[in-house]
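# Coordinate inspection notes
The residues making up each chain are set out below.
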Amino acid sequence: MGRGRAKAKQVKVARQLKYNSGGTDLDRLRDELGVGDPGRNDDADDLNDELADRYADYADDYGAGDDDDGRPSGRR
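Note that the structure is a prediction, hence the values are computed from the model and not measured.

### Quick notes on the overall build of the protein chain
- In terms of regular secondary structure, the protein chain is built from three helices and zero strands.
- Each helix and strand of the protein chain, placed in order from N terminus to C terminus, yields the pattern α-α-α.
- When each of the 76 residues of the protein chain is scored for burial, the buried share is 0%.
- A total accessible area of about 7,700 Å² is found for the protein chain, and carbon and sulfur atoms account for 47% of it.

### Some remarks on helix α1 (residues 3–19)
- Spanning 17 residues, α1 covers 24 Å between terminal C-alpha atoms, matching the ideal 24 Å at 1.5 Å per step.
- The buried fraction of α1 amounts to zero of the 17 residues, a small share that puts the element mostly on the outside.

### Points about the confidence of the model for the protein chain
- Per-chain confidence: the protein chain averages 76 in pLDDT, with 68% of residues scoring 70 or above.
- Least confident of the elements in the protein chain is helix α3 (residues 42–62), whose mean pLDDT is 78; most confident is α1, at 89.

### A word on the pattern of salt bridges
- Overall, the coordinates contain three salt bridges when judged by the stated rule.
- Arg 30 is the salt-bridge partner of Asp 27, the closest N and O atoms lying 3.0 Å from each other. Placement of both Asp 27 and Arg 30 in helix α2 (residues 26–33) is noted, with a separation of three residues, approximately one turn of the helix.
- Here Arg 28 makes a salt bridge to Glu 32, at a shortest N to O gap of 3.4 Å. With Arg 28 and Glu 32 both in helix α2 and four residues apart, this pair spans about one turn of that helix. For the pair Arg 28 and Glu 32, a shared accessibility class is recorded, and that class is exposed.

### A look at the environment of Arg 30
- Of the residues examined, Arg 30 reaches a relative accessible area of 27% and is grouped as partly exposed.
- At 3.0 Å, the side chain of Arg 30 and the side chain of Asp 27 are in polar contact.

### Some remarks on a nonpolar patch on the surface
- Side chains of Leu 47, Leu 51, Tyr 55, Tyr 58 and Tyr 62 sit close together on the surface and give an oily, nonpolar patch of about 560 Å² of accessible area.
- Tracing the chain through its elements places Leu 51 in helix α3.
- Assessed through its relative accessible area of 32%, Leu 51 is described here as partly exposed.

The rules behind these values
- Residues numbered from 1 in each chain as written.
- Predicted model: local features only at pLDDT ≥ 70, side-chain atom pairs only at ≥ 80, totals over all residues.
- Heavy atoms only, no water.
- Helix = DSSP H or I, 4+ residues; strand = E, 2+ residues; numbered from the N terminus.
- Buried < 20%, exposed > 50% of the residue type's maximum accessible area, 1.4 Å probe, protein only.
- Areas by Shrake-Rupley, 256 points an atom, 1.4 Å probe, with all protein chains shown as cover.
- Expected span 1.5 Å × (residues − 1).
- pLDDT = per-residue confidence, 0-100.
- Salt bridge = Lys/Arg side-chain N within 4 Å of Asp/Glu carboxyl O.
- Polar contact = N/O pair within 3.5 Å; in protein donor to acceptor, adjacent residues only side chain to side chain.
- Patch = residues over 30% accessible without salt bridge, like charges linked within 9 Å, V, L, I, M, F, W, Y side chains within 5 Å.

Laid out in structure tokens, this is it:
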């Protein structure tokens, strides 16, 4: 017994979320999450470019078709 009051409260909250979901301030949410503007993503682009350059150097050093034992890579 007593579950009816808790269930009624859950139904009330669910209805409020369903029908009154407008009015969300997306800019404030973005600030709270620390995401920033999608257009200002320069730091991430610089990091991606740096990583791509680093791994491109590895590809140049080791080549795409050679393994350590001298055999070409691939299944037999």
